[in-house]
Amino acid sequence: MAGNSQRRGAIQKSNKKGATVGSGGQRRRGLEGKGPTPKAEDRPYHKAYRSKQLAERSASKRQGGAGGQRKRGTGDAEWIIGRNPVVEALREGVPANAVYVAEGAERDGRLREAFQLAAELGIGLLEVAKPELDRLTGFNGHQGLAARVPAYEYAHPGDLLDRASDEGEDALIVVLDHVTDPRNLGAVVRSAAAFGAHGVVIPERRAAGMTAAAWKTSAGAAARIPVAQAVNVTRVLKEYQDAGCQVIGLDMNGDLSLTDIAEVADGPLVIVVGAEGGGLSRLVAETCDRIVSIPMANAVESLNAGVAASVTLYAVAQARA
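Attention here is on the structure that accompanies the text. (Residues numbered from 1 in each chain as written. Predicted model: local features only at pLDDT ≥ 70, side-chain atom pairs only at ≥ 80, totals over all residues. Heavy atoms only, no water.)

1. With respect to the sheet that holds strand β12 (residues 269–274)
Reading across the sheet, the seven strands line up as β9-β8-β7-β12-β10-β13-β11 and stay open at both edges, with parallel pairing between neighbours. Each having just a single partner strand, β9 (227–230) and β11 (256–257) make up the two edges of the open sheet. Bridging between strand β10 (residues 246–250) and β12 involves four bridges; their strand directions are parallel. Counted as the bridge partner of Gly-249 is Val-272 from β12. On top of the sheet, helix α8 (residues 182–194) reaches β7 (172–177), β8 (199–203) and β9; it is set at about 155° to β8, its chief contact. (Pairing = 2+ DSSP bridges. Helix = DSSP H or I, 4+ residues; strand = E, 2+ residues; numbered from the N terminus. Contact = heavy atoms within 4.5 Å. Axes fitted to C-alpha atoms, helices over the stretch in contact; angles between N-to-C directions.)

Quick look at the structure:
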């Protein structure tokens, strides 16, 4: 009724001679085309728009925003000390930038293998006096062999979404909620690489970092998949949600069983793994869209972070396949 009244008013005000003004007599600009449909990334309510906005914010931070630059790990370079540890680290592709051998050290099989691996990997081999190696490593039980590992260069959390976009895939990201064991971190990185994840996010403080132990446990996977640091894990999870990702946390009291992971596996996904013993922190758990539990026998209370992440990543990969 209101529409008819408006049209009658328009007719009365018109002084134009000729055809009666009706629905076809509206002002010409009202009938003109409005141009092509905007791209999905330019429509404010589209998922692609949110992804583009997050990517732009991430790029801005990486170019100089406070706390958002790509950065190396805190502290000085790390030392791997002893013949067996050095050989094992070189076998696993830990990115040492120099191998140091003490003058007069006994040339046994392990030392010869370290020399050969260093040559194959293009790592510098330096011979120094034993007192100098003691001073450099801060330890005199190095058995005449040590490797120097540079501080790890962390990615920005936004880089992981960019990586998924560049590969034309739905994002799959693992976030660790204050996991403190570097071996668990290394195991998660290894599984993330094996099952097609686009990266791992860890807290900047009170959590394991990419030390030589984590590198070694990753079995070289840390060279193939980025690890990002976050000042605030909860904030990063919300940014991922704004970008269209569904966030699931792992907890024994979850509302969704891992056997039903197909319900959430389709589309961009973030898997949050809690700390050893403590599980997910309260704020992180409240931020998750769903909480997923892994069915286990009653005799086993929980899995460590590395195993829980591996099992879940496998289930997601199977569901997506």
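2. Observations concerning the packing of helix α4 (residues 83–91) against helix α5 (residues 109–121)
The N-to-C vectors of α4 and α5 enclose an angle of 30°; their axes lie 9 Å apart at closest approach. On the basis of the axis angle, α4 is roughly parallel to α5. In this structure, the crossing between α4 and α5 has a hand that is left-handed. Where α4 abuts α5, its residues Arg-83, Asn-84, Val-87, Leu-90 and Arg-91 lie against Arg-110, Leu-111, Glu-113, Ala-114, Leu-117, Ala-118 and Leu-121. Per-class residue counts for the contact of α4 with α5 are seven nonpolar, one polar and four charged. (Parallel < 35°, antiparallel > 145°, perpendicular 65-115°, else oblique. Left-handed = near helix turned anticlockwise from the far one by under 90°. Nonpolar A, V, L, I, M, F, W, Y, C, P; charged D, E, K, R; others polar.)

3. Looking at the layout of surface pockets
In this structure, the largest pocket occupies an estimated 400 Å³ of space. Leu-250, Met-252, Gly-279, Ser-302 and Leu-303 are the residues nearest the centre of the largest pocket, which is lined by 20 residues in total. Only β12, β13 (290–293) and α13 (305–320) provide two or more residues apiece to the lining of the largest pocket. Here the residues of the lining of the largest pocket are counted per class, giving ten nonpolar, seven polar and three charged. (1 Å grid on protein atoms, 1.4 Å probe; cavity = no way out; pocket = protein on both sides within 12 Å on 5 of 7 lines; lining within 4 Å. Points joined across faces, edges and corners; volume = space filled by probe spheres on them.)

4. Focus: the sheet that holds strand β2 (residues 78–81)
Spatial strand order, β2-β5-β3-β4: four strands in an open sheet with mixed pairing. A single partner strand is all that each edge strand has here, and the edge strands are β2 and β4 (124–128). Within the sheet, the average angular offset between the axes of one strand and its neighbour, ignoring direction, is 25°. Here strand β3 (residues 98–102) runs beside strand β5 (residues 145–149); their pairing, made up of four bridges, is antiparallel. Bridge pairing in β5 places Ala-98 opposite Arg-148. Of the strands in this sheet, β2, β3, β4 and β5 touch helix α6 (residues 130–137), which is tilted by about 135° from β3.

5. So, the nonpolar core
In a soluble, globular protein the nonpolar side chains are often hidden away together inside. Counting 59 residues, the largest nonpolar core has Leu-176, Leu-185, Val-189, Val-200, Met-210 and Ile-271 as its most contacted members. The greatest single-element share of this core, amounting to six residues, is contributed by α13. Ignoring sequence-local partners within four residues, the contact set of Leu-185 consists of Leu-176, Val-200, Ile-202, Ala-208, Gly-209, Met-210 and Ala-214. Listed in part, the 23 residues of the second largest apolar core include Leu-160, Ala-171, Val-233 and Val-284. (Core = buried A, V, L, I, M, F, W, Y, C linked by side-chain atoms within 4.5 Å. Buried < 20%, exposed > 50% of the residue type's maximum accessible area, 1.4 Å probe, protein only.)

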